[in-house]
Amino acid sequence: MLNLVLFGPPGAGKGTQSVKLIEKFDLVHLSTGDIFRANIKGGTELGILAKSYIDKGQLVPDEVTIGMLASEVNSNPNAKGFIFDGFPRTQAQALALDNLLKEKASAITMMLALEVEEEELRKRLLLRGKESGRVDDQNPEVIQNRINVYNAETMPVKDYYMAQNKYKGINGIGQIEVIFNQLCQAIEGAAN
Ligand code: ADP
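Residues numbered from 1 in each chain as written. Predicted model: local features only at pLDDT ≥ 70, side-chain atom pairs only at ≥ 80, totals over all residues. Heavy atoms only, no water.

(A) Region of interest: the nonpolar core. With 23 residues, the main nonpolar core has Leu4, Leu21, Phe25, Leu112, Leu183 and Ile187 as its most contacted residues. Elements supplying a minimum of two residues to this core: strand E1 (2-7), helix H1 (14-25), strand E4 (110-115), helix H6 (118-132), helix H7 (140-154) and helix H9 (176-191). Top element by residues in this core is H9. It accounts for 6 residues. Apart from residues lying up to four places away in sequence, Leu21 is in contact with Leu6, Asp26, Ile83, Phe180, Leu183, Cys184 and Ile187. (Core = buried A, V, L, I, M, F, W, Y, C linked by side-chain atoms within 4.5 Å. Buried < 20%, exposed > 50% of the residue type's maximum accessible area, 1.4 Å probe, protein only. Helix = DSSP H or I, 4+ residues; strand = E, 2+ residues; numbered from the N terminus. Contact = heavy atoms within 4.5 Å.)

What follows is the structure in structure tokens.
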């Protein structure tokens, strides 16, 4: 299986690149943010709970997020591989993901990290807020909180994959196609 963790701060371009990567490599895209938003839209119990955290720019608790992710993986038994987008965001989530894949005699192939500096992220998120109507992208305080949570809680997840020699950083500033090609090269390099 080809199992990729697409990593990077809010607004780094994970969603944009995921759409292109799943098509090229025939993978299942699991975006925890998208799944939460679908649940919010559908008014499910999970959605109502998630909304209370997302609106403030906080992480949804690990227990809830891990349970949801596991059930998504389990409901795709024939997948050739997955792109995990927005997951894992904490060390506990990274450990849980390893254990889940181990049960399936599989593992994470690599972590691809889109590197973008903070000033550019703030600009991109505010623009997305105007265009998409995403509430968490419209308030500068919520955006800053997400960036702070990323730096404090999510950044350490990079070390987890670095220690396993699975980390690959990619410059996330530039043309979408150029970034995509760099991601593809990194994946093909790891697969050979
Ligand atoms: P972005 O990366 O642009 O902030 P996402 O769509 O990935 O946006 O996530 C939106 C929100 O959903 C996050 O700010 C967080 O509240 C919640 N969320 C998404 N993934 C996770 C996760 N793995 N663990 C906890 N909360 C999450």
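(B) Spotlight on the environment of Asn145. Of note, Asn145 is situated in helix H7. We classify Asn145 as partly exposed; its relative accessible area is 25%. Distance in space between the C-alpha atoms of Asn145 and Phe7 is 18 Å, their sequence separation being 138 residues. Not counting the four nearest positions on each side in its chain, Asn145 is found in contact with Lys56, Gly57 and Gln58. Of the polar contacts made by the side chain of Asn145, one reaches the backbone oxygen of Lys56; its length is 2.9 Å. (Polar contact = N/O pair within 3.5 Å; in protein donor to acceptor, adjacent residues only side chain to side chain.)

(C) Looking closely at the sheet that holds strand E3 (residues 81-85). Reading across the sheet, the 5 strands line up as E2-E3-E1-E4-E5 and stay open at both edges, with parallel pairing between neighbours. The two strands at the open ends of the sheet, each matched to only one other strand, are strand E2 (28-31) and strand E5 (167-171). Each strand axis lies, on average, 20° off the axis of its neighbour in the sheet, ignoring direction. Pairing between E1 and E4: 4 bridges, direction parallel. Looking at E4, one finds that Leu6 is bridged to Leu112. (Pairing = 2+ DSSP bridges. Axes fitted to C-alpha atoms, helices over the stretch in contact; angles between N-to-C directions.)

(D) Region of interest: the site of the ligand. Taken together, 20 residues are adjacent to the ligand, and Thr32, Arg37, Gln58, Gly86 and Arg128 come closest. Here Arg37 contributes a side-chain N or O atom positioned 2.8 Å from an oxygen atom of the ligand. In this structure, an oxygen atom belonging to the ligand sits 3.1 Å away from a side-chain N or O atom of Arg134. Broken down by element, the residue count for the shell around the ligand peaks at 4 residues, all from helix H2 (residues 32-42). In terms of residue class, the shell around the ligand is built from 6 nonpolar, 7 polar and 7 charged. (Near = heavy atom within 4 Å. Nonpolar A, V, L, I, M, F, W, Y, C, P; charged D, E, K, R; others polar.)

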